[in-house]
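If you want the building blocks of each chain, they are given just below.
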Amino acid sequence: MITLEELRALGADVETGLSRCMGKEDLYLKLISMGLGDAKFEELGAVLEAGDLSKAFEICHALKGVIGNLAITPLYEILSTMTEKLRAKEQTDYKAMYSDILKIRSKFWKPQT
Amino acid sequence: MEDLFERTILIVDDESINRELLGNIIQSEYKVIYAADGKEALEKIHSEGNTISLVLLDLLMPVMNGNEVLKTMNDEGIINEIPVIVLTSEKSSEIESLKLGAADFLTKPYDLPEVILARVRHSIQLFENSKIIHATEFDKLTLLYSPEFFFEYASQFDQRFPDKVMDAVVVNFTRFHLLNELKGRSFGDEILNAMADGIRKALLKTGGIAGRNEADFFYLYVPHDENHNILLDKIKDSLSPLLKPSEIRLRLGVYSDSEHKFAMTQRFDHAVQACNSLRNKTSGDSDICIYDDKMAEKEVFDAHLLQDFEAAIEQKQFQVNYQPKFNIKGDKPVLCSAEALVRWIHPELGFVRPDLFIPLFEENGLVTKLDRYVWEESAKQIRRWKDELGVTIPVSVNVSRVDIAAPDMTDFITKIVKENGLSASEYMLEITESAYTSDSKHIVEVIENLRSLGHKVEMDDFGSGYSSLNMLTSMPIDVLKMDKAFIRNIQPGNKEMKLVELVLDIAKNLGVPVVAEGVET
């Protein structure tokens, strides 16, 4: 599990995140783990593959909300960008964007083995 | 046992992390319950609604989203019971939610916990305060305004529209307490609700506001109108499913204050006085009385009469006149008896008409003293005629319904008859028709008692009150006296004549002689 220091170093707004958790570090770290491990990340890939942009928007929007609340700033920013593009149904290279998302995510999170 | 002051917040979000974050913040001050979608949220609201003080509602959820929840809460009226704060990251959805009745909104990502808690506290307080006002603002039964709020709003109305001429109107159901007694309180409540409905419908047309004061007094502050027909009609319409037209007895007191001279409560006092002045109308029609300066004068005049009553009795200012009654069966009319009528010769006011003081004394509990005075004088007068003129002229005295209620009435009459050495047959009693309709059982007992002692009993003013024809068969009376109004307009063949003939017929069948009042020639 990642530590607060590591989160800070990676650019997460730990102070804001902690305050949202009423200062409870254990809670914050637990929720970060849950948030990063959400199966929606995988789902997003699948629906983008299938070309279902409106479903992708729903999933991306939901992820953005949670990651935003957890103040994982770099991940939040890229998810926001994709959400807006999906909302506008822009034709863009979602595949590339999606792999960027996974890349940033993996910095913060390693799947449990 | 639950802490009475513990409040519960319902958190609705499909994301478990969001639920946990919010829950963790909220539980520092409240008890928390959760729902993962709109459907679950409504289930929780339905089952635990009484304990939920506020709902935190995410908008984007599967199955049923936040706005759909709000719509349902609107339809079911719950939106007025529980404040809802919506959680949204989209600016555009805020407006829709607010329109649907959301009390407030919180953005995502979440504000600082202090901000969230403050907004929750604030919304709860606002709702609870408005519920308290709501509880006292309206009369519980009819949901019209309670008196304090009515007067407050009426005064505010004046401030906003200083040039509008408004009427203070008081509506009352005459002798409502009788209705309660005869048909039960829950029927009485139905009547009041029906009147309130009629009033609301009238206000939709006329504008203005209405409140309910005690029992059956309704206060209205409405734009000026000559006769407030719309109001009367709407109330009568609402009452028609519950009562027969003849049973509907409404009276309206109106005070019009074009210059807004008097304070609101004073204006309504005047309207109440106008309304009460219609108290003695026994006719079934609804009536309206508009307060004017004459009323104020009347109030002063009445107070004057009341003050002077005791002195008048002592100084014998009340005089008894004897109106002769003739038997017209033979060739020539023959004097057969006399009716005792009281007159007041007041030292300052001069001759005071009986209709000005008798109803007043009836209302104020003085009539019994007056009547007994008249009874005694009449008995003495019969004695005097016997001693000085050698003739026996029976006299009939008036007995009001209040007199009959006194338990010692028969004893008193027996006493004065004896004191003056009269026989009971020389001392006759006239009981006005309206007395019969109040408490028949007691009256019948009293009358039968008097008749058994030898007195003759007459029913006075027949036709002016509410008696039903079959009452005649159960009342033990010796003479029926028809009210002047009955015979005033008779012409051969017209319906007034037919009615008189009908009464005469009934009376003949009952073996009761009939006297016509007010025959001049």
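Residues numbered from 1 in each chain as written. Chains lettered and ligands numbered in written order. Predicted model: local features only at pLDDT ≥ 70, side-chain atom pairs only at ≥ 80, totals over all residues.

Some points on the sheet that holds strand S8 (residues 217-223) of chain B
All names here are of chain B. Strand order across the open sheet formed by five strands is S7-S8-S6-S9-S10, with mixed pairing between neighbours. Each of the sheet's edge strands pairs with one partner strand only, and the pair in question is strand S7 (209-212) and strand S10 (287-290). If you compare each strand with its neighbour and ignore which way they point, the axes differ by 20 degrees on average. Bridging between strand S9 (residues 250-256) and S10 involves four bridges; their strand directions are parallel. What sits directly across from Leu252, in S10, is Ile288. (Pairing = 2+ DSSP bridges. Helix = DSSP H or I, 4+ residues; strand = E, 2+ residues; numbered from the N terminus. Axes fitted to C-alpha atoms, helices over the stretch in contact; angles between N-to-C directions.)

Details of the interface of chain A and chain B
With 14 residues of chain A at the contact, the number on the chain B side is 15 residues. Put simply, the parts of the chain that give the side of chain A that touches chain B at least two residues each are helix H2 (14-20), helix H3 (25-36) and helix H5 (53-69) of chain A. Take the side of chain A that touches chain B: its biggest share by element is six residues, from H5 of chain A. Residues of the side of chain A that touches chain B, tallied by class, amount to seven nonpolar, six polar and one charged. (Contact = placed C-beta atoms within 7 Å. Nonpolar A, V, L, I, M, F, W, Y, C, P; charged D, E, K, R; others polar.)

Let's talk about the sheet that holds strand S2 (residues 31-35) of chain B
Residues and elements named next belong to chain B. One open sheet holds the five strands; their spatial order is S2-S1-S3-S4-S5, and the pairing between them is parallel. A strand with exactly one partner marks an edge of an open sheet, and here the two such strands are S2 and strand S5 (104-107). Each strand axis lies, on average, 20 degrees off the axis of its neighbour in the sheet, ignoring direction. Taken strand by strand, helix H1 (residues 16-26) contacts strand S1 (8-12), S2 and strand S3 (52-58), and its axis lies near 160 degrees from that of S1.

Details of unusual backbone geometry
Residues and elements named next belong to chain B. Geometrically, the link from Lys108 to Pro109 is a cis peptide bond, its omega value of -5 degrees lying close to zero. As for its position among the elements, Pro109 is in the loop between S5 and helix H5 (113-137). We note that Leu143 has phi near 60 degrees; this positive angle belongs to a residue other than glycine. Inspection of the secondary structure puts Leu143 in the loop between H5 and helix H6 (147-160). A residue is classified by how many C-beta atoms lie within 10 Å of it, and Leu143, with 14 of them, is partly exposed. Backbone geometry places Lys316, a non-glycine residue, at a positive phi of 55 degrees. Position of Lys316 among the secondary structure elements: in the loop between helix H11 (293-314) and strand S11 (318-327). (Buried ≥ 20, exposed ≤ 12 C-beta atoms within 10 Å, placed from the backbone.)

Quick word on the nonpolar core
Counting 62 residues, the largest nonpolar core has Leu63 and Ile72 of chain A together with Leu10, Leu56, Leu57, Val84 and Ile85 of chain B as the members making the most contacts within it. Considering every element that reaches this core, the biggest residue donor is H5 of chain A, with seven residues. Discounting chain neighbours no more than four positions away, the residues touching Val84 of chain B are Val55, Leu57, Leu70, Met73, Ala102 and Ala103 of chain B. Judged by nonpolar contacts, the second largest core, of 40 residues, contains Tyr145, Met166, Phe173 and Leu192 of chain B. (Core = buried A, V, L, I, M, F, W, Y, C linked by C-beta atoms within 7 Å.)

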